[in-house]
Amino acid sequence: MSKVLLISSNTTIDPYPVYPAGMGIIASALTLAGHDVRQFDMLAAEDTEGDLRQTITDFSPHYVGISIRNIDTVDSCAATNEWFLSSDLAITRIVREATEAPVILGGPAFSIMPDEILQYLGADYGITGEGEHAVCNLVAALDEGKTVPVISHNGATHRAGESAAWSPLRDDDLVRFYTRKTGMIGVQTKRGCPHKCTYCTYPAIEGDSIRYRPADDVADEIERLRTDYGVDKIYFTDSVFNDDDGAYLEIADTIVRRGIQIKWTGFFRPEPIGKDEMALLKRSGLYAVEAGSDAASDETLAGINKQFTFDDVHTFNERCVEARIPCAHYIIFGGPDETEETLRKGFHNIGMLRNSMVFAFSGIRVLPGTGLCSRAIEDGIVNEGESLLKSVYYFSPAVDPLEMNRALADLFHGHINRVFPPSKGLAMVRRMNKHGRYGLLWDRLVNFS
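Rules used throughout
- Residues numbered from 1 in each chain as written.
- Predicted model: local features only at pLDDT ≥ 70, side-chain atom pairs only at ≥ 80, totals over all residues.
- Heavy atoms only, no water.
- Helix = DSSP H or I, 4+ residues; strand = E, 2+ residues; numbered from the N terminus.
- Rg over C-alpha atoms; globule rule 2.2 N^0.38 Å.
- Contact = heavy atoms within 4.5 Å.
- Areas by Shrake-Rupley, 256 points an atom, 1.4 Å probe, with all protein chains shown as cover.
- Lys, Arg positive; Asp, Glu negative; His and termini not counted.
- Charge placed at Lys NZ, Arg CZ, Asp CG, Glu CD.
- Polar contact = N/O pair within 3.5 Å; in protein donor to acceptor, adjacent residues only side chain to side chain.
- Phe/Tyr/Trp six-rings, centres within 6.5 Å; stacked < 30°, edge-to-face > 60°.
- Buried < 20%, exposed > 50% of the residue type's maximum accessible area, 1.4 Å probe, protein only.
- Lys NZ or Arg CZ within 6 Å of the ring centre and 35° of its normal.
- Pairing = 2+ DSSP bridges.
- Axes fitted to C-alpha atoms, helices over the stretch in contact; angles between N-to-C directions.
- Core = buried A, V, L, I, M, F, W, Y, C linked by side-chain atoms within 4.5 Å.
- Salt bridge = Lys/Arg side-chain N within 4 Å of Asp/Glu carboxyl O.
- Arc of directions from axis to C-beta.

1. Quick notes on the overall build of the protein chain
In terms of regular secondary structure, the protein chain is built from 17 helices and 17 strands. Taking 2.2 N^0.38 as the reference for a compact globule, 449 residues should give roughly 22 Å; the C-alpha atoms of the protein chain span a radius of gyration of 22 Å, in line with that estimate. Counting only C-alpha atoms, the protein chain reaches 60 × 55 × 45 Å along its principal axes. The contacts of the protein chain with a sequence gap of at least 6 include a subset with a gap of at least 24, amounting to 74%. Carbon and sulfur atoms make up 49% of the accessible area of the protein chain, which amounts to about 19300 Å² in all. When the 44 positive and 63 negative side-chain charges of the protein chain are each reduced to one mean point, those points stand 6 Å apart.

What follows is the structure, given as structure tokens:
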């Protein structure tokens with residue numbers, strides 16, 4: 001069998017460092033297939049370049065896999081919109097200098113634009129979508145000297161209920177590093193997203209049918225994190241935690257039934273949740289909620305095909321307030337069908353979200369293969385066939401982005417629980433981190449008194 005070095009290339013810490021679970025899942029699959037696997041995290045390494053070179057020298061891998069998490073910051077207001085592929089290129093070059101082993105790319109960012117990223121980084125192979133089965137097949141084929149496709153497309157082809165490898169092979173040092181830095185570790189309970197939001201790439205990456213992980217398996221992983229590492233907070237990393245089938249309630253019920261003492265959070269779709277259901281979630285350890293509210297008027301919600309109204313957002317927020325669970329809303333202004341009138345409505349509507357955080361974004365990053373990309377072509381923002389490797393943002397032709405940004409900044413000025421531009425929130429996080437307060441720091445800024 002082969003020796004495989006896996007590299008997590010992500011080094012961003014905004015809004016907080018994220019454990020590289022994808023790398024761990026690939027490591028688990030390869031290990032179960034009999035391969036010798038080593039994991040290397042660019043963020044956790046003290047001397048990233050020197051440590052990487054030394055690891056390659058010591059391990060002498062037959063294959064090197066690089067996980068690419070982000071393309072850029074997706075923040076149109078950033079003074080310098082960091083383009084992470086430049087650092088990925090530097091990593092690839094270090095690997096090329098240190099070994100002749102084939103380089104295999106994967107990860108969510110790679111899955112969005114595989115052909116362009118493979119060409120830019122000069123890697124040998126790539127895998128899109130879920131990678132644990134595909135990477136084992138690729139390595140086996142290469143070991144046998146077979147000719148294989150340069151890119152293995154493993155995207156939205158999954159059937160509902162189809163199983164996948166779930167539990168990452170956790171690296172002890174990495175768990176301790178991320179627990180120390182953020183106070184929490186990510187756990188996944190499901191994959192796939194059936195929603196058709198026009199800007200989103202999740203269905204292309206994970207599939208558009210949900211595959212659920214057994215609730216007891218999730219509970220087992222949480223208990224291992226508690227017992228082995230003392231982890232007391234987790235983040236459920238599902239694209240949307242509150243699924244329509246209610247499997248998320250089974251997760252909560254299992255945590256309660258097994259008496260697991262954990263605090264947790266996750267990303268919710270702002271749809272109706274009953275009082276009893278919210279009470280169950282809180283008993284199971286829910287201490288804060290992130291909501292993909294995404295727009296602030298019915299017109300702009302429809303423009304990105306959210307399939308809910310702002311009344312739903314407001315009702316969801318009220319349920320959180322009743323349960324005294326802090327809620328953070330992520331809301332985009334300037335998207336499809338935004339007008340001066342919808343801006344006025346939106347500004348009024350977010351004023352109704354009491355006891356909550358609101359993070360506002362200006363414009364939407366256009367990514368290939370999405371409905372938003374088609375709309376951007378239709379509105380003359382993007383040309384047919386134009387490369388989107390460097391960031392392009394959609395702004396409704398009916399609004400002036402600069403005037404809109406000024407109005408947002410004025411509206412939010414002086415309110416600690418209203419954040420715009422996003423860099424303001426990141427600066428807030430960094431200040432609080434200096435005082436040893438890590439994790440979802442916004443949950444401490446919501447006042448229920």
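2. What about the side chain of aspartate 72?
Note on placement: aspartate 72 falls in the loop between strand E3 (63-67) and helix H3 (85-98). Engagement of the side chain of aspartate 72 in a polar contact is seen with the backbone nitrogen of valine 74, the distance being 3.0 Å. At a separation of 2.8 Å, a polar atom in the side chain of aspartate 72 contacts the side chain of arginine 365.

3. Some words on the packing of aromatic side chains
For the structure on display, the rule yields 14 aromatic pairs. Where phenylalanine 241 meets tyrosine 248, the ring centres are 5.8 Å apart and the plane angle is 70°; that geometry is what we call edge-to-face. Residue phenylalanine 241 is classed as buried on the basis of its relative accessible area of 0%. Measuring from ring centre to ring centre gives 6.4 Å for tyrosine 330 and phenylalanine 361, while their planes differ by 35°; the resulting arrangement is tilted. You can see tyrosine 330 sitting in strand E13 (residues 327-333) and its partner phenylalanine 361 sitting in strand E14 (residues 356-362), a full 31 residues away along the chain. With relative accessibility at 24%, the residue phenylalanine 361 sits in the partly exposed group. Above the ring of tyrosine 19, the side-chain terminus of arginine 170 is found at 4.9 Å from the ring centroid.

4. A word on the sheet that holds strand E10 (residues 233-236)
Here we have 7 strands laid out as an open sheet, ordered E7-E10-E11-E12-E13-E14-E17, and parallel in their pairing. Pairing within the sheet leaves two strands with one partner each, and these edge strands are strand E7 (185-187) and strand E17 (418-419). With 4 bridges joining them, strand E12 (residues 286-294) and E13 adopt parallel strand pairing. For aspartate 294, the partnering residue across the bridge sits in E13 and is isoleucine 331. Along the sheet, helix H16 (residues 401-412) makes contact with E13, E14 and E17, crossing E14 at roughly 165°.

5. Concerning the nonpolar core
Ranked by internal contacts, the top residues of the largest apolar core, which has 67 residues, are Ile7, Leu52, Leu105, Ile117 and Phe333. When residues in this core are grouped by element, the largest group, 5 residues, is from H3. Grouped together as the second largest cluster of nonpolar side chains are 58 residues, Val175, Phe177, Val218 and Trp264 included.

6. Considerations on unusual backbone geometry
A cis amide bond, omega -5°, links phenylalanine 420 with the succeeding residue proline 421. Summarising the element assignment, proline 421 is placed in the loop between E17 and helix H17 (422-433). A positive phi angle, close to 50°, is found at serine 60, a residue other than glycine. Although it is not a glycine, asparagine 355 sits at a positive phi angle of roughly 45°. Position of asparagine 355 among the secondary structure elements: in the loop between helix H14 (340-350) and E14.

7. Some points on the pattern of salt bridges
A side chain with one charge may pair with a side chain of the opposite charge, provided their charged atoms come close. Taken as a whole, this structure holds 27 salt bridges when the rule is applied. Ionic pairing is found between arginine 365 and aspartate 72, a salt bridge with its closest N-O pair at 2.8 Å. Here arginine 365 is found in strand E15 (residues 364-365), whereas its partner aspartate 72 is found in the loop between E3 and H3, with 293 residues between them in sequence. The same class applies to arginine 365 as to aspartate 72, namely buried. One salt bridge in this structure joins aspartate 220 and arginine 258, with 2.7 Å as the shortest N-O distance. Taken as a pair, aspartate 220 in helix H9 (residues 215-229) and arginine 258 in the loop between helix H10 (247-257) and strand E11 (263-268) lie far apart in primary sequence, 38 residues in all. Classification of aspartate 220 as partly exposed rests on a relative accessible area of 29%. Taking the relative accessible area as the measure of exposure, arginine 258 reaches 24% and is therefore partly exposed.

8. Concerning H14
Thr342, Leu343, Gly346, Phe347, Asn349 and Ile350 are the residues of H14 that are buried. An end-on view of H14 places all buried positions within 165° of arc, on one side of the element. Of the exposed residues in H14, those oriented more than 90 degrees away from the buried face are Arg344 and His348. The elements touched by buried residues of H14 are helix H12 (298-303), helix H13 (310-322), E13, H16 and E17.

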